[in-house]
Amino acid sequence: MNIGSLINALPGACAQGLIWGIMAIGVYITYKILDLADLTVDGTMCTGGAVCVMMMLSGHSLPVSLICAFLVGMLAGLVTGVLHTAMGIPAILAGILTQLGLYSINLRIMLGKANQAINVNNYPLIVSLRNIRGVPIYKNAIFVVLIFVVVIIAILYWFFGTELGCAIRATGSNPNMSRAQGINTDLNKILGLMLSNGLVALASALLAQYQGFVDVNMGRGAIVIGLAAVIIGQVLFGKFARNFAFKLAAVALGAIIYYLVLQFVLWLGLNANDLKLLSATVVAIFLAIPYLKKKYFTKVKKGGSGNA
Amino acid sequence: MLKLIGIKKTFNPGTVNEKRALVGVDLTLNEGDFVTVIGGNGAGKSTTLNAIAGVWPVDEGEIIIDGVNVTRLPEYKRAKYLGRVFQDPMTGTAASMQIEENLALASRRGLPRTLKSGINAAERERYKDKLKILDLGLEDRLTTKVGLLSGGQRQALTLLMATLKKPKLLLLDEHTAALDPKTAAKVLEATDKIIARDNLTAIMITHNMKDAIAHGNRLIMMHEGRIIYDVSGEEKSRLHVSDLLQKFEQVSGDEFANDRMMLA
């Protein structure tokens, strides 16, 4: 085990973590703000990349490709939202249905192939794992993704302070109260799901460029990574992050830490095939902790002195 | 202001759990009426309020609020006309949002939610003044998360939210039942004050017969899904708890007699 190889791998882990941070912010919108577990993201985490890569391969510009990836992600969120609200399908199941359907759609987008490569030398990719060291700062992958994260957090901070954003937050917090205050909870759930999946698709488009290819399986287990980032961010920074923007930043930081830890356990010699099992275990433990704490570690106060 | 015509509602029809909750409710409220509603468990009091609010569609009948037939409108669209306070203090407010954010949501009831700022400085000042009426010290805690408030404080806040934008009709569903007596009295006092100040039309369900007599200008009693007693004005103000108890016994006594006849 050579400490040099670990250190060499860290910048890459940071860049990848930041990209997944955008994805995790999408998960935060559904899981924390809307109080929905949306599994659509496992599909959209490939769809965005597929749309972006295929459009660039066929000669479209980078901005147009990125925007289209975002829009197609929103479309996937719309499908899940309609299945959930208008058709009365439980949110988890609605997400699974869309995700499954997206697998075929992703293959269609990628012209029937399980993966499609895009070369940074021939196309103007905005991020690439080749641009980590020895490039000017404006080309550096970490810097570029960081700009994306900052801009996205700024926009979301503004949006969730607007009347519409407040209505979405109220819908997640208390749907009964929201309807009593004239808020169309179904519409707001759909909007939240669309925004979330749009962001996930954007993250997917960045990830595909970063790694230089899009793979039909690249979204598998994305929801677990997203949740891990949300939970790590909350556990480590929850005490300091009271402001909404800081909360989102904590999610992005959580994703970076997730990837750094991943890099570390790989360096320790963990088989890469066992990674998903490890991720699932870690997330299960963190999800269980609040429940177990309440059940077994709530201190029961001794009886009052007045009744003695 | 409100007209209910032949409202019927059956839950779980055709199953063993079938419950005929409302069997034909007719009620007309004039502007400024403050009606108290009493009745035993399962009499249909809350069901009537939920029917007006549109929590689910009714099976039969018409609901008209201020001349508008709302029978087929979804709950969130009817909210434009209604202010609601619920029995459970947790129901009426968004716990994870601040006091001022909750008020801002309520002040936009019936308006489209746009990309304008969710709350502005002028509003904050207005909310401070409004919160002072409650006399709970909430005016200094505008940015406190509502989840940190007590049940009584949340209920008082819900009352304020329900009346922030003057509703055509205020629906109070046993809104003091879950509170301790002292807080309940305070919330009830605030209710009276606000209804009188804004000359609101209101329906208040209560289990407390004294309250039902002491408040409002009209009293109705429900039993088994219909209104069985409706008294207002002078006659209502002369009512005593014993009169209401007698009325209750009379209804349930009849029922008992019916049961006996069936057995015979």
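Model, not experiment: these values are computed from the prediction.

Student: I keep staring at the overall build of chain B and nothing clicks. Help me out?
Tutor: Within chain B one finds nine helices and ten strands. In terms of overall size, chain B behaves like a compact globule, its C-alpha atoms giving a radius of gyration of 19 Å where 264 residues would be expected to give roughly 18 Å. In terms of overall dimensions, chain B has a C-alpha envelope of 70 × 40 × 35 Å along the principal axes. Relative to its 264 residues, chain B shows a buried fraction of 48%. Counting only contacts in chain B whose residues sit at least 6 apart along the sequence, the fraction spanning at least 24 positions is 67%. As displayed, chain B has an accessible area near 12500 Å², and 50% of this comes from carbon and sulfur atoms. Here chain B holds 37 positive side-chain charges and 34 negative ones, and the gap between their average locations is 6 Å.

Student: Just to check I follow, could you spell out the pairing of strand β8 (residues 202–205) of chain B for this structure?
Tutor: Along a regular strand, successive side chains alternate from one face of the sheet to the other. Residue and element names in this part refer to chain B. Here β8 shows a buried face lined by Ala202 and Met204 and a second buried face lined by Ile203 and Ile205. With four bridges joining them, strand β3 (residues 34–38) and β8 adopt parallel strand pairing. Paired with Phe34 across the strands is Ala202, a residue of β8. For strand β7 (residues 169–173) and β8, the ladder comprises four bridges, and the chain directions are parallel. Each residue of the ladder has a partner; that of Leu172, found in β8, is Met204. Viewed along the sheet, the connection from β7 through helix α6 (residues 181–198) into β8 turns out right-handed.

Student: Can you help me understand the environment of Asn208(B) in this one?
Tutor: Relative to the helices and strands, Asn208(B) resides in the loop between β8 and α7 (209–214). For the pair Asn208(B) and Leu136(B), spaced 72 residues apart in sequence, the C-alpha to C-alpha distance is 24 Å.

Student: Explanation requested: the pattern of salt bridges in the structure shown.
Tutor: Opposite charge on two side chains makes pairing possible when the charged atoms of those side chains draw close. All names here are of chain B. By the definition in use, this model includes 15 salt bridges over all chains. Put simply, Lys9 and Asp59 hold a salt bridge, and the shortest N to O gap is 3.9 Å. Residue Lys9 is located in strand β1 (residues 2–11), and its partner Asp59 is located in the loop between α1 (45–53) and β4 (60–65); the two are separated by 50 residues in the primary sequence. Owing to a relative accessible area of 44%, Asp59 belongs among the partly exposed residues under this scheme. As a salt-bridge pair, Lys132 and Asp129 come within 3.8 Å of each other at their nearest N and O atoms.

Student: What's the story with the interface of chain A and chain B in this structure? I'm lost.
Tutor: Accessible area lost when the parts come together is the quantity often used to give the size of an interface. Listed by partner, the interface residues are 21 residues for chain A and 29 residues for chain B. When the buried surface of chain A facing chain B is broken down by residue, Glu163(A), Met177(A) and Gln181(A) rank first, second and third, together holding 33% of it. Along the contact surface separating chain A from chain B lie three salt bridges. Here Glu75(B) ties to Arg179(A) by a salt bridge, and the two come within 3.0 Å at their closest N and O atoms. Linking chain A with chain B are 15 residue pairs in polar contact (both at pLDDT 80 or more), by the criterion used here. Contributions of two or more residues to the side of chain A that touches chain B are made by α5 (141–159), α6 (163–173) and α7 (175–180) of chain A. Take the side of chain A that touches chain B: its biggest share by element is seven residues, from α6(A). Taken together, the residues of the side of chain A that touches chain B break down into nine nonpolar, eight polar and four charged.

Student: How should I be thinking about the nonpolar core in this particular structure?
Tutor: Among soluble globular proteins, nonpolar side chains are generally buried collectively. Trp20(A), Met23(A) and Leu156(A) are the most contacted members of the largest nonpolar core, which has 80 residues in total. Trp20(A) has contacts with Met45(A), Leu207(A), Met218(A), Ala222(A), Ile225(A), Ala255(A) and Tyr259(A), leaving out every residue within four places of it along the chain. The next biggest cluster of nonpolar side chains, apart from the first, holds 41 residues, and it includes Ala104(B), Tyr127(B), Ala184(B) and Leu188(B).

Student: How should the packing of aromatic side chains be read in this particular structure?
Tutor: Ring pairs (aromatic) are described by centroid distance and by the angle formed between their planes. Under the defined criterion, the tally for this structure stands at eight aromatic pairs over all chains. Judged by centre distance (5.2 Å) and plane angle (75°), the rings of Phe159(A) and Phe160(A) are edge-to-face. Just as Phe159(A) is buried, Phe160(A) falls in that class too. Taking the centre distance of 5.3 Å and the plane angle of 80° together, the rings of Phe11(B) and Trp56(B) count as edge-to-face. One end of the pair, Phe11(B), is in strand β1; the other, Trp56(B), is in the loop between α1 and β4, and 45 residues separate them in sequence. A relative accessible area of 26% means that Phe11(B) is categorised as partly exposed. Given the relative accessible area of 17%, Trp56(B) is considered buried. The structure contains a cluster of three or more aromatic residues connected by ring pairs, namely Tyr28(A), Trp158(A), Phe159(A), Phe160(A) and Phe244(A).

Student: How should I be thinking about the sheet that holds β1(B) in this particular structure?
Tutor: Across a sheet, strands are paired by hydrogen bonds formed along the backbone, either parallel or antiparallel in direction. Read across the sheet, four strands follow the order β2-β1-β4-β5 (chain B) without closing on themselves; strand pairing throughout is antiparallel. Edge strands, defined here as strands with exactly one partner in the open sheet, are β2 (19–29) and β5 (68–69) of chain B.

Student: How do you make sense of the packing of helix α3 (residues 99–107) of chain B against helix α4 (residues 121–134) of chain B when you look at a structure like this?
Tutor: Between two packed helices, what matters for the description is the angle formed by their axes and the separation of those axes. Residue and element names in this part refer to chain B. Where α3 contacts α4, the axes come no closer than 11 Å and their chain directions differ by 100°. Here α3 is positioned roughly perpendicular relative to α4, judged by the angle of their axes. For the pair α3 and α4, the contacting residues are Ile99, Glu100, Leu103, Ala104 and Ser107 in the first and Glu123, Arg124, Arg126, Tyr127 and Leu131 in the second. Partitioning the contact of α3 with α4 into residue classes produces five nonpolar, one polar and four charged.

Student: What's the story with α6(A) in this structure? I'm lost.
Tutor: Given 3.6 residues per turn, any residue in an α-helix points the same way as the ones three and four places further on. Taking burial as the measure, the eleven residues of α6(A) include ten buried ones, the bulk of the element. Listing the buried residues of α6(A) in full gives Glu163(A), Leu164(A), Gly165(A), Cys166(A), Ala167(A), Ile168(A), Arg169(A), Ala170(A), Thr171(A) and Gly172(A). Buried-residue contacts for α6(A) involve α1 (3–33), α5, α7 and α8 (185–211) of chain A together with α3 of chain B.

Student: I would appreciate a short explanation of the pairing of β3(B) in the present structure.
Tutor: Residue and element names in this part refer to chain B. Among the five residues of β3, five are classified as buried, and the element is accordingly described as predominantly covered. Burial along β3 is two-sided: Phe34, Thr36 and Ile38 facing one way and Val35 and Val37 facing the other are all buried. As defined by bridge partners, β3 adjoins strand β9 (residues 218–223) across four bridges and the pair is classed as parallel. Within β9, the position partnered with Thr36 by the bridge is Leu219.

Student: Looking at this structure, how should I read the environment of Phe248(B)?
Tutor: All names here are of chain B. Structurally, Phe248 is set in helix α9 (residues 241–263). Note: C-alpha distance between Phe248 and Met222 (26 residues apart in sequence) is 9.7 Å. Contacts of Phe248, omitting those with residues within four sequence positions, involve Gly39, Gly40, Met209 and Met221.

Definitions and limits used
Residues numbered from 1 in each chain as written. Chains lettered and ligands numbered in written order. Predicted model: local features only at pLDDT ≥ 70, side-chain atom pairs only at ≥ 80, totals over all residues. Heavy atoms only, no water. Helix = DSSP H or I, 4+ residues; strand = E, 2+ residues; numbered from the N terminus. Rg over C-alpha atoms; globule rule 2.2 N^0.38 Å. Buried < 20%, exposed > 50% of the residue type's maximum accessible area, 1.4 Å probe, protein only. Contact = heavy atoms within 4.5 Å. Areas by Shrake-Rupley, 256 points an atom, 1.4 Å probe, with all protein chains shown as cover. Lys, Arg positive; Asp, Glu negative; His and termini not counted. Charge placed at Lys NZ, Arg CZ, Asp CG, Glu CD. Pairing = 2+ DSSP bridges. Right-handed = clockwise from strand over helix to strand, strands pointing away. Salt bridge = Lys/Arg side-chain N within 4 Å of Asp/Glu carboxyl O. Buried area = accessible area lost by both parts, 1.4 Å probe. Polar contact = N/O pair within 3.5 Å; in protein donor to acceptor, adjacent residues only side chain to side chain. Nonpolar A, V, L, I, M, F, W, Y, C, P; charged D, E, K, R; others polar. Core = buried A, V, L, I, M, F, W, Y, C linked by side-chain atoms within 4.5 Å. Phe/Tyr/Trp six-rings, centres within 6.5 Å; stacked < 30°, edge-to-face > 60°. Axes fitted to C-alpha atoms, helices over the stretch in contact; angles between N-to-C directions. Parallel < 35°, antiparallel > 145°, perpendicular 65-115°, else oblique.

Interpretation in functional terms is not warranted from these geometric data alone.
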